[in-house]
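Here is how the chains run, residue by residue.
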Amino acid sequence: YSAVAKHDLKTEPQYIDAPLTSAAAFLVLNINDGDEAMDKARSVVASIEDLLKDIKIQVNTGIFTANLGISHHAWEPLTRKPLPKELKPFQEIRGAQHTAVATEGDLFYHIRADSVDLVVEFEKILLEAFGDSVTAVDDVTGFRYYNGRDLLEFVDGTANPIGLSLPAATLVGEEDPAYTGGSYVVIQKYLHDLKDWRAQTTETQEQIIGRTKFDNIELPDATEGQKSHKTLCTIQDAEGEHDILRDNMPFATPGKGEYGTYFIGYSRHLWVTEKMLERMFIGDPPPLHDRILDYSRAVTGVTFFCPPRKFLVDLAD
Ligand code: HEM
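What comes next concerns the included structure. (Residues numbered from 1 in each chain as written. Predicted model: local features only at pLDDT ≥ 70, side-chain atom pairs only at ≥ 80, totals over all residues. Heavy atoms only, no water.)

In terms of helices and strands, the protein carries 11 helices and 14 strands. In summary, the protein has a C-alpha radius of gyration of 20 Å against a globular reference of 20 Å for 317 residues, a match within 12%. Each principal axis of the C-alpha distribution contributes one length, and for the protein these read about 55 × 50 × 40 Å. By the burial criterion, 51% of the 317 residues in the protein qualify as buried. (Helix = DSSP H or I, 4+ residues; strand = E, 2+ residues; numbered from the N terminus. Rg over C-alpha atoms; globule rule 2.2 N^0.38 Å. Buried < 20%, exposed > 50% of the residue type's maximum accessible area, 1.4 Å probe, protein only.)

Set out below in structure tokens:
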């Protein structure tokens, strides 16, 4: 029994499968130059379990989780361990009309909670611990919009894998034994042109997304010509369909005219998310890109790997 328990501990994932919450934050950090900053950052990264516990014990009900991802750029100096097999920097994708930009970031915290106060509390304590060893690159707090819709007013997250399909789609397996239980995560911050989008008819919007707006029913896949967002993001090969887990959150500052979707996709294989992006930005067939992009501009793009929990804790040694 102890042998099994030991093995499970080594591969126990972070909180990849936590459900969508009312609030979530997406915090991207750069580690500052110098050995001192790197050592400090390593010790804070290794203490994530303790930081979570400090807050969790005080939460009466509801969900509170945080996942940590490390980028290709920071991996070796921070962990002093070999790279996960598929980890590489986010590749810019330049389509005929739209570009998936690549931006910087060494560390990424995905914090999910039932209320914003917990998110802020965690970030406050975390950033205090990092001190001047890191610089924040981006920090977005999202909220759950009614009916689980995004700010394009469509229900978002429906086709996510559930049950046993969830770990199968999101967690590295035996293909990379040193990192079994880890997960690749890709983030992109999108800003919407809501005025233009809301000027479209509901029928046009539904053709773009591939689902009905009111009752969220799938429309048939186009077999040729312009494909919908949901069809372009369906990746099928001889092995079947390859899923990812999306935990997109709306964010907004209406007074500044800012309305966005923070895209986040967890996957067992990085290539699956990359393939979706390629089909969206280049088009299938090219140049028929995903028309969601005519109303949504990607302003960030970063890839990280979320190692198993024990891997992080062991960085303290
Ligand atoms: C499906 C919104 C970006 C991957 C959907 C759906 C909506 C949506 C409303 C249909 C309901 C559902 O199944 O969730 C958005 C918005 C985006 C965005 C507003 C940003 C502006 C992306 C990106 C990817 C992606 C960047 C992948 C790299 C998917 C997948 C599906 C999906 C895999 C399910 C396809 C299926 O039916 O199997 N998205 N999405 N989305 N989206 Fe997105």
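Let's shift gears to the coordination of the iron atom of the ligand. For a metal bound by four donors in tetrahedral geometry, the ideal donor-metal-donor angle is 109.5 degrees, whereas six donors in octahedral geometry ideally sit at 90 or 180 degrees. Among all protein atoms, only His229 (NE2) binds the iron atom of the ligand, sitting 2.0 Å from it. Mapping histidine 229 onto the fold places it in helix α9 (residues 229-232). (Donors = N, O, S within 2.8 Å, 3.2 Å for Na, K, Ca; no water.)

So, about the site of the ligand. Within the structure, the ligand sits among 28 residues, and Gly157, Thr158, Ala159, His229 and Arg246 are positioned closest to it. In the model, an oxygen atom of the ligand is placed 3.0 Å from a nitrogen or oxygen of the alanine 159 main chain. Elements with a contribution of two residues or more to the shell around the ligand: β7 (183-192), α9, β12 (258-267) and α10 (270-281). Per-element accounting of the shell around the ligand gives the leading share, four residues, to α10. (Near = heavy atom within 4 Å. Polar contact = N/O pair within 3.5 Å; in protein donor to acceptor, adjacent residues only side chain to side chain.)

Closest axis-to-axis distance for the helix α3 (residues 48-56)/helix α5 (residues 116-130) pair is 11 Å, and the angle between their directions is 140°. Accordingly, the angle class assigned to the pair α3 and α5 is oblique. Judged by the twist between their axes, the crossing of α3 over α5 is right-handed. For the pair α3 and α5, the contacting residues are Leu51, Leu52 and Ile55 in the first and Leu118, Glu121, Phe122, Ile125 and Leu126 in the second. Along the lines of polarity and charge, the residues of the contact of α3 with α5 split into seven nonpolar, no polar and one charged. (Axes fitted to C-alpha atoms, helices over the stretch in contact; angles between N-to-C directions. Parallel < 35°, antiparallel > 145°, perpendicular 65-115°, else oblique. Left-handed = near helix turned anticlockwise from the far one by under 90°. Contact = heavy atoms within 4.5 Å. Nonpolar A, V, L, I, M, F, W, Y, C, P; charged D, E, K, R; others polar.)

Looking now at the pairing of strand β11 (residues 249-253). As judged from the five bridges shared by β11 and β12, these two strands associate in the antiparallel manner. Along β12, the bridge assignment pairs proline 250 with threonine 261. Between β11 and the antiparallel strand that follows it, β12, lie four residues; glycine 257 among them carries a positive phi value of about 70°. (Pairing = 2+ DSSP bridges.)

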